[in-house]
Amino acid sequence: MFEPIVVTGLGAVSPLGIGVVANWQKLLSGQSGIRSNTRFDTQDWKCRIAGQVLFRTEDLEGFDPEQAMDAKDVRRTDLFIQYAMAAATEALEQARWHPTTHQERSRTATVVGTGVGGIPSISAAYDVIRSSGARRLSPFVVPSFLPNLAAGQISIRFGFNGPSSAPVTACAASAQAIGDAMRLIRSGEADVAICGGAEGCVDPIAIGGFTAAKALSCKFNDEPEKASRPFDADHDGFVLSEGAAMLVIEGLSHAEARGARPLAVLSGYGTTTDAHHVTAGWPDGREAARAMHLALAMSGLEPHEISYVNAHATSTPVGDAAELAALEKIFGPRAGGVPVGSTKSATGHMLGAAGAIEAIFSVLAIQDQVLPPSLNIHQPMQEAVGFNLISDGSRPATVRHVVSNAFGFGGVNAALVFSLPASWKG
């Protein structure tokens, strides 16, 4: 019998805002983080919107990388690393985990996933080579974009000597990072882990590439806030977004010994591979369903005990339909009435950070006993008719157990289960 693993800290940077409180308040109030893309000139582009993080220069409450890193390190790192550092700093502060002994530091793991790493830095380096020659490249250019350097920079900054890794599994990366961190604690290799994901790819290469793949929403350029519409009949693709989300997890006895407050229990994790297609899962959702089945089995829960599903649901017609089919495999026809939503409707699709930001929203749903809304579901797609979609604003609810899904290119499926801490039950 394994000891419960609990969440004790949360940190977030997203298109909705900076910090967990701002993100949660804006999500519950039905605000959208999708806006016209001002990161580069998109005048002649088919897709002209994105979920971009606002900077302090654009918004007084926006992101300031120098609040988490010194100016020298900011110049030497890609955006995804800067976002990751800010989110990790917030999560560690809430958890009050600031180890001072070698034993504590050596028992702290750092697992940070990303979908694409530092594409903007790679692109900028190529521009330098083309305009000025390779000799003008910075010696820090490679560490600026390597996918594992979000985890590396966090471990260096805070002195964590435990295991460090970086799942690079597309849009399932940060959910797998949380699951991998859970396994490290269960196996006895770590007592505490900072885990999650980061992405900084509102960039011409990423936007252009996903547009060429016909994956992005392009028909709401004049009304960006309406573009991300999971399970809606008028969806036409996802909205590419950026940001980072981090969780601190640890064994319950470790948390209790140091007086940390459990925010939720990370009770289950399951992951599978479709082995079917590079960009699309099985239409019947068979392996996505098996990931949920494995997560439920680990948690010791039956499907009817789940209070809420935060679906992966990116707003692509094929992907949304396959996930609905998977949900029916687990929960029964029309998912047995379990409330289903997708917080991507407000944040857009944060790729490698998506699973972690949705994990945070799942934890907060348990904390506050409320289900966050899904925006823009006005006419459910045919496959979604009859499902209990959360489309009418946030709902007060009894939330004991939440399933959070994340699926990625390459056929990667990951499902997490978060539960109400036993100490909260009356």
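The present account deals with the structure reproduced in this document. (Residues numbered from 1 in each chain as written. Predicted model: local features only at pLDDT ≥ 70, side-chain atom pairs only at ≥ 80, totals over all residues. Heavy atoms only, no water.)

Observations concerning the overall build of the chain
So, step 1. Counting secondary structure elements, the chain contains 14 helices and 15 strands.
So, step 2. Against the globule reference of 22 Å for 426 residues, the chain gives a C-alpha radius of gyration of 20 Å, in line with a compact fold.
So, step 3. Along the first, second and third principal axes, the C-alpha set of the chain runs to 60 × 55 × 40 Å.
So, step 4. Scored against the burial criterion, the 426 residues of the chain give a buried share of 58%.
So, step 5. Sequence separation of 24 or more characterises 79% of the internal contacts of the chain that already satisfy a separation of 6 or more.
So, step 6. Treating the 32 positive side-chain charges of the chain as one cloud and the 41 negative ones as another, the clouds have centres 3 Å apart. (Helix = DSSP H or I, 4+ residues; strand = E, 2+ residues; numbered from the N terminus. Rg over C-alpha atoms; globule rule 2.2 N^0.38 Å. Buried < 20%, exposed > 50% of the residue type's maximum accessible area, 1.4 Å probe, protein only. Contact = heavy atoms within 4.5 Å. Lys, Arg positive; Asp, Glu negative; His and termini not counted. Charge placed at Lys NZ, Arg CZ, Asp CG, Glu CD.)

A word on the packing of helix α11 (residues 286-299) against helix α12 (residues 317-331)
So, step 1. Across the interface, α11 lies against α12 with an axial gap of 8 Å and an inter-helix angle of 40°. If you check the angle between α11 and α12, you find them oblique. The handedness of the crossing between α11 and α12 is right-handed. Between α11 and α12, the contacting residues are Arg 286, Ala 288, Ala 289, Met 292, His 293 and Leu 296 on the first element and Ala 326, Leu 327, Lys 329, Ile 330 and Phe 331 on the second.
So, step 2. Class assignment of the residues belonging to the contact of α11 with α12 gives a composition of eight nonpolar, one polar and two charged. (Axes fitted to C-alpha atoms, helices over the stretch in contact; angles between N-to-C directions. Parallel < 35°, antiparallel > 145°, perpendicular 65-115°, else oblique. Left-handed = near helix turned anticlockwise from the far one by under 90°. Nonpolar A, V, L, I, M, F, W, Y, C, P; charged D, E, K, R; others polar.)

Digging into the packing of helix α3 (residues 79-95) against helix α7 (residues 149-158)
So, step 1. Orientation of α3 relative to α7, taken along the N-to-C sense of each, is 45°, at an axis distance of 9 Å. As judged from the angle between their axes, α3 and α7 are oblique. Viewed along their axes, α3 and α7 form a crossing whose handedness is right-handed. Only Leu 149, Ala 150, Gln 153, Ile 154, Arg 157 and Phe 158 of α7 make contact with α3, whose side of the interface consists of Phe 80, Ile 81, Ala 84, Met 85, Ala 88, Thr 89 and Leu 92.
So, step 2. Partitioned by chemical class, the residues of the contact of α3 with α7 number 10 nonpolar, two polar and one charged.

Focus: the pairing of strand β7 (residues 192-199)
So, step 1. Across the eight residues of β7, eight count as buried, placing the element largely inside the fold.
So, step 2. What you see with β7 is no split at all: Val 192, Ile 194, Gly 196 and Ala 198 on one side and Ala 193, Cys 195, Gly 197 and Glu 199 on the other are buried throughout.
So, step 3. Bridging between strand β5 (residues 108-113) and β7 involves six bridges; their strand directions are parallel. Counted as the bridge partner of Val 112 is Gly 196 from β7.
So, step 4. Pairing of β7 with strand β8 (residues 243-251) involves eight bridges; the strand directions are antiparallel. Bridged to Ala 193 within β8 is Ile 249. (Pairing = 2+ DSSP bridges.)

Some details on the environment of Arg 286
So, step 1. By secondary structure assignment, the location of Arg 286 is in helix α11.
So, step 2. Taking the C-alpha atoms as reference, Arg 286 lies 9.8 Å from Ile 330; in sequence the two are 44 residues apart.
So, step 3. In terms of polar contacts, Arg 286 uses its side chain to reach the side chain of Asp 284, at 3.1 Å. (Polar contact = N/O pair within 3.5 Å; in protein donor to acceptor, adjacent residues only side chain to side chain.)

Let's talk about α12
So, step 1. With 15 residues, α12 should reach 21 Å at 1.5 Å per residue; the first-to-last C-alpha distance of 21 Å fits that figure.
So, step 2. Taken residue by residue, α12 has Asp 320, Ala 321, Ala 322, Glu 323, Leu 324, Ala 325, Ala 326, Leu 327, Ile 330 and Phe 331 as its buried positions.
So, step 3. Immediately downstream of α12, the backbone of Gly 332 shows phi near 95°, a positive value. (Expected span 1.5 Å × (residues − 1).)

Quick word on α3
So, step 1. Helix length check: α3, at 17 residues, gives a terminal C-alpha distance of 24 Å against a target of 24 Å (1.5 Å per residue), a fit within 8%.
So, step 2. Summarising burial for α3: 13 of the 17 residues are buried, a large majority.
So, step 3. N-capping of α3 is provided by Asp 78, with a side-chain oxygen placed 3.1 Å from the backbone N of Phe 80.
So, step 4. Looking one or two residues past α3, Arg 96 carries a phi angle of roughly 55°, positive in sign.

Side note on the nonpolar core
So, step 1. In this structure, Leu 10, Leu 247, Ile 249 and Phe 418 are the most contacted members of the largest nonpolar core, which totals 53 residues.
So, step 2. Considering every element that reaches this core, the biggest residue donor is helix α14 (residues 354-368), with nine residues.
So, step 3. When residues no more than four places from it in sequence are discounted, the contact partners of Ile 249 are Ile 5, Val 6, Val 7, Ile 178, Ala 181, Met 182, Ile 185, Asp 191, Val 192, Ala 193, Cys 195 and Leu 266.
So, step 4. Membership of the second largest hydrophobic core comes to 32 residues, among which are Ala 68, Tyr 83, Val 112 and Phe 160. (Core = buried A, V, L, I, M, F, W, Y, C linked by side-chain atoms within 4.5 Å.)

Side note on the state of the cysteines
So, step 1. Counted under the stated rule, the structure contains zero disulfides.
So, step 2. Cysteine Cys 195 shares no disulfide, and the gap to the nearest cysteine sulfur, in Cys 171, comes to 18 Å.
So, step 3. A relative accessible area of 0% places Cys 195 in the buried class. (Disulfide = S-S within 2.5 Å.)

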